[in-house]
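Working through the structure, step by step
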Amino acid sequence: MSFIEINHLQKIYRKATVTVPAVNDISFTIEKGEFLAIVGKSGSGKSTLLNLLGGLDTPTSGEILFDGANLFGEGKDGLVKHRRHRVGMVFQSFQLILGQTALENVELALAFGGISRSERRARALALLEQVGLADRADHYPTELSGGEAQRVAIARALANDPDILLADEPTGNLDTQTGEMILGLLQELNRQGRTVIMITHDPDMAKVAQRTIRMQDGQLQNS
Ligand SMILES: Nc1ncnc2c1ncn2[C@@H]1O[C@H](COP(=O)(O)OP(=O)(O)OP(=O)(O)O)[C@@H](O)[C@H]1O
Ligand SMILES: [Mg+2]
């Protein structure tokens, strides 16, 4: 049994007269601790696939098994648990909450389960320390550079200590040097044992992955 098994996964978007098979019968497996890159042209279905893996969306048909259990088998509750405890997500546009400080953004992601306010605060600060940003804790997102904002987003993704990090073009809005720094951080988190799945347009970024899959028109291209 593989860590993640994707079986005949399909996501078809239907809009009035247009039908888009964004993910069109994809099957493959991912092992624990892998660093996987997903590449492919714009519109090839990369984000759709990643959002399905993150439990942000449900498939038209097919399944994704995590440790043998179907992600979509337990309805909404199962997806909420998945998002809260098993995966952390990072996006190109950071997606921080603008009215909240860096510290508050991380704190908000911490699961509530029986921890006091001061403990939550301490944990959030430790996470910011981990990404080298403790000294920006009280900055609002508009008071952060792009690289700093992405590090806050990574700290937030790590809040509940997920096994899996899903990153959708995490360096897409950053200059080369800052992008390399974020990539280094993802590599370090991978070395600590986390499975990392990253979409990228940049062949140099994909090089750090152990394996690259290429998407074309919603399908996996043989490489
Ligand atoms: N919510 C939606 N409703 C209808 N069609 C959608 C929706 N989301 C995506 N699509 C379509 O599905 C296809 C795949 O989109 P997706 O965002 O997965 O591509 P992508 O590979 O991530 O592209 P990019 O590199 O530009 O981010 C596209 O043709 C897009 O127009
Ligand atoms: Mg995309």
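Focus: the overall build of the chain
A count of helices and strands for the chain gives 7 helices and 10 strands. Relative to the compact-globule value of 17 Å for 223 residues, the chain shows a C-alpha radius of gyration of 17 Å, a close match. Projected onto the principal axes, the alpha-carbon positions of the chain cover approximately 45 × 40 × 40 Å. Here the chain holds 223 residues, and the buried ones make up 39% of them. The contacts in the chain between residues at least 6 apart in sequence include a share of 70% that link residues at least 24 apart.

What to know about the packing of helix 3 (residues 102-109) against helix 4 (residues 117-130)
As a packed pair, helix 3 and helix 4 sit with axes 9 Å apart at the nearest point and diverge in direction by 115°. Viewed along their axes, helix 3 and helix 4 adopt a mutual orientation that is roughly perpendicular. Where helix 3 crosses over helix 4, the two elements pack in a sense that is right-handed. Across from Ala102, Leu103, Val106 and Glu107 in helix 3, the residues of helix 4 making contact are Arg120, Arg121, Ala124, Leu125, Leu127 and Leu128. Within the contact of helix 3 with helix 4, the residues separate by chemical class into 7 nonpolar, no polar and 3 charged.

Observations concerning the site of ligand 1
All residues in the neighbourhood of ligand 1 are listed as Tyr13, Lys15, Val20, Ala22, Gly40, Ser42, Gly43, Ser44, Gly45, Lys46, Ser47 and Thr48. For the shell around ligand 1, the secondary-structure elements that each account for two or more residues are strand 1 (4-15), strand 2 (18-30) and helix 1 (46-53). Take the shell around ligand 1: its biggest share by element is 3 residues, from helix 1. Tallied by class, residues from the shell around ligand 1 come to 3 nonpolar, 7 polar and 2 charged.

Focus on the sheet that holds strand 2
The 4 strands are arranged 2-1-4-5 in an open sheet whose pairing can be described as antiparallel. With partners counted over all chains shown, the strands left at the sheet margins are strand 2 and strand 5 (69-70), one partner each. Pairing of strand 4 (residues 61-66) with strand 5 involves 2 bridges; the strand directions are antiparallel. Pairing of Leu65 across the sheet is with Asn70, part of strand 5. Relative to the sheet, helix 1 contacts strand 1, strand 2 and strand 4, its axis offset from that of strand 2 by approximately 60°.

Some remarks on the nonpolar core
In a soluble, globular protein the nonpolar side chains are often hidden away together inside. In terms of nonpolar packing, the biggest core is built from 58 residues, with Ile38, Val106, Leu128, Ala155, Leu165, Leu166 and Ile197 touching the most fellow members. A total of 6 residues in this core trace back to one element, the largest contributor, which is helix 5 (residues 146-157). Once you skip the residues sitting within four places of it in the chain, Val106 turns out to touch Ala124, Leu127, Leu128, Val152, Ala155, Arg156 and Ala159.

Some points on helix 6 (residues 176-191)
With 16 residues, helix 6 extends 22 Å between its outermost C-alpha atoms, agreeing within 8% with the 22 Å of an ideal straight helix rising 1.5 Å per residue. Every buried residue belonging to helix 6 is among Gly179, Ile182, Leu183, Leu186, Leu189 and Asn190, and all of these are buried. The buried residues of helix 6 occupy one face: seen down the axis, they fall within an arc of 115°. Every exposed residue of helix 6 that faces more than 90 degrees away from the buried side is listed here: Gln177, Gly184, Glu188 and Arg191. Buried-residue contacts for helix 6 involve strand 3 (35-40), helix 5, strand 7 (164-168), strand 8 (195-199) and helix 7 (203-206). Trailing helix 6 by a residue or two, Gly193 shows a phi angle of about 115°, which is positive.

Parameters at a glance
Residues numbered from 1 in each chain as written. Chains lettered and ligands numbered in written order. Predicted model: local features only at pLDDT ≥ 70, side-chain atom pairs only at ≥ 80, totals over all residues. Helix = DSSP H or I, 4+ residues; strand = E, 2+ residues; numbered from the N terminus. Rg over C-alpha atoms; globule rule 2.2 N^0.38 Å. Buried ≥ 20, exposed ≤ 12 C-beta atoms within 10 Å, placed from the backbone. Contact = placed C-beta atoms within 7 Å. Axes fitted to C-alpha atoms, helices over the stretch in contact; angles between N-to-C directions. Parallel < 35°, antiparallel > 145°, perpendicular 65-115°, else oblique. Left-handed = near helix turned anticlockwise from the far one by under 90°. Nonpolar A, V, L, I, M, F, W, Y, C, P; charged D, E, K, R; others polar. Near = placed C-beta within 6 Å. Pairing = 2+ DSSP bridges. Core = buried A, V, L, I, M, F, W, Y, C linked by C-beta atoms within 7 Å. Expected span 1.5 Å × (residues − 1). Arc of directions from axis to C-beta.

Read these as layout, nothing more, since geometry by itself doesn't imply function.
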